[in-house]
Amino acid sequence: MLFFSPSQIDPLCPLLLGVVNVTPDSFSDGGQFLDPGVAAGRAWELTSQGAGLIDLGAESTRPGARPEPADVQIQRLVPVLKRLEGERFSLPLSVDTTSAEVALACLDAGASVVNDISAGTFDPGMFDLAARRGCPVVLMHMQGRPATMQKAPFYGDVLAEVKAFLQERVLAALEAGIGEGNILLDPGIGFGKTLAHNLALLGALPSLSRHANRLFPLVLGVSRKGMIGQLTDKDSPYERIFGTAGAVAWCTAECVRTQTPLVLRVHDVGAMLDVVKVVKALATRE
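Everything quoted here is computed from the prediction, not taken from an experiment. (Residues numbered from 1 in each chain as written. Predicted model: local features only at pLDDT ≥ 70, side-chain atom pairs only at ≥ 80, totals over all residues. Heavy atoms only, no water.)

Peer 1: Help me out: how do you make sense of the overall build of the chain in this one?
Peer 2: Helix and strand counts for the chain come out as ten helices and ten strands. Scaling as 2.2 N^0.38, a compact globule of 286 residues should have a C-alpha radius of gyration of about 19 Å, and the chain matches this with 17 Å. The principal-axis extents of the C-alpha atoms in the chain amount to approximately 45 × 40 × 40 Å. Among the 286 residues that make up the chain, the fraction classed as buried is 55%. Restricting to contacts in the chain with at least 6 residues of sequence separation, those with at least 24 account for 73%. Between the averaged position of the 25 positive side-chain charges in the chain and that of its 30 negative side-chain charges there is a distance of 2 Å. (Helix = DSSP H or I, 4+ residues; strand = E, 2+ residues; numbered from the N terminus. Rg over C-alpha atoms; globule rule 2.2 N^0.38 Å. Buried < 20%, exposed > 50% of the residue type's maximum accessible area, 1.4 Å probe, protein only. Contact = heavy atoms within 4.5 Å. Lys, Arg positive; Asp, Glu negative; His and termini not counted. Charge placed at Lys NZ, Arg CZ, Asp CG, Glu CD.)

As structure tokens, this is what we get:
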């Protein structure tokens, strides 16, 4: 297991979290990396492109997706983790799951970060596990569940409601014994939100990182998302790289300008690293 701490994130240079989905049905790359060897190869490829962290997921969370049993997720994830461990993989690994059982198996197999899209609300054992193991955890906002989240999502005030949820989950995590320095926050772009909701959240990024008088790193997943397709009229996720680059440029500029630590969860690491480098140079010029 390679150690990772959110404190390592440079507030003037976002970290890129490369995505490897070992699923048959993820919206963007489902089925491509089901084989452990192919998944491990993809992790190495993203590393060579400049990723700072790799996120492995074995349960699709696209709109309409149904949950996968813990044993299925474990059967998909652990062989990849063990293979990477045997290959002396060079980056810390995150596991994208809402199950404490899955998270435990993955932490034992070499993962060092838990990325929980439910922010600990689906499995009451998740916070206890993260506190006991002292691992960083990503807490994300989602309205509803993946199977139903995009069926007419509604908010009175999306920014206020997302901020209130994240603050409540931060306090719950702290009370469970998770260290303040091990918490990252994700507003959940595309998770129970319309295009207008997503744009409102992306327009207020620095405010989303401050809770309980503390500053927490943000994790943002805009890569190939439906909102990019809506804005660019691109149906295929593979045609959304330039739209994704625009969103990544905005997120980078806003967070570098305010020195808000940022993790960008992306599929196209090499291209997005170029975007980050250019925006960083412009945003920090003297």
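Peer 1: Please explain the packing of helix H5 (residues 158-175) against helix H6 (residues 195-202) as it appears in this structure.
Peer 2: The description of two helices packed together rests on the angle between their axes and the distance between the axes. In the contact formed by H5 and H6, the axes pass within 9 Å of each other and the chain directions differ by 65°. In terms of orientation, H5 and H6 fall into the roughly perpendicular class. Crossing of H5 against H6: the hand is right-handed. Contact residues: H5 offers Val 158, Leu 159 and Val 162, while H6 offers His 197, Ala 200 and Leu 201. Tallied by class, the residues present in the contact of H5 with H6 amount to five nonpolar, one polar and no charged. (Axes fitted to C-alpha atoms, helices over the stretch in contact; angles between N-to-C directions. Parallel < 35°, antiparallel > 145°, perpendicular 65-115°, else oblique. Left-handed = near helix turned anticlockwise from the far one by under 90°. Nonpolar A, V, L, I, M, F, W, Y, C, P; charged D, E, K, R; others polar.)

Peer 1: Would you mind showing me how to read the pairing of strand S3 (residues 93-96) here?
Peer 2: On a regular strand, one side chain projects to one face of the sheet and the next to the other, so that they alternate. Here S3 shows a buried face lined by Leu 93 and Val 95 and a second buried face lined by Ser 94 and Asp 96. Bridge count for strand S2 (residues 53-57) against S3 is four bridges, and the pairing is parallel. Counted as the bridge partner of Asp 55 is Ser 94 from S3. Read from S2 through helix H2 (residues 70-86) to S3, the crossover connection turns out right-handed. Judged from the three bridges that link them, S3 and strand S4 (residues 113-116) form a sheet pairing that is parallel. (Pairing = 2+ DSSP bridges. Right-handed = clockwise from strand over helix to strand, strands pointing away.)

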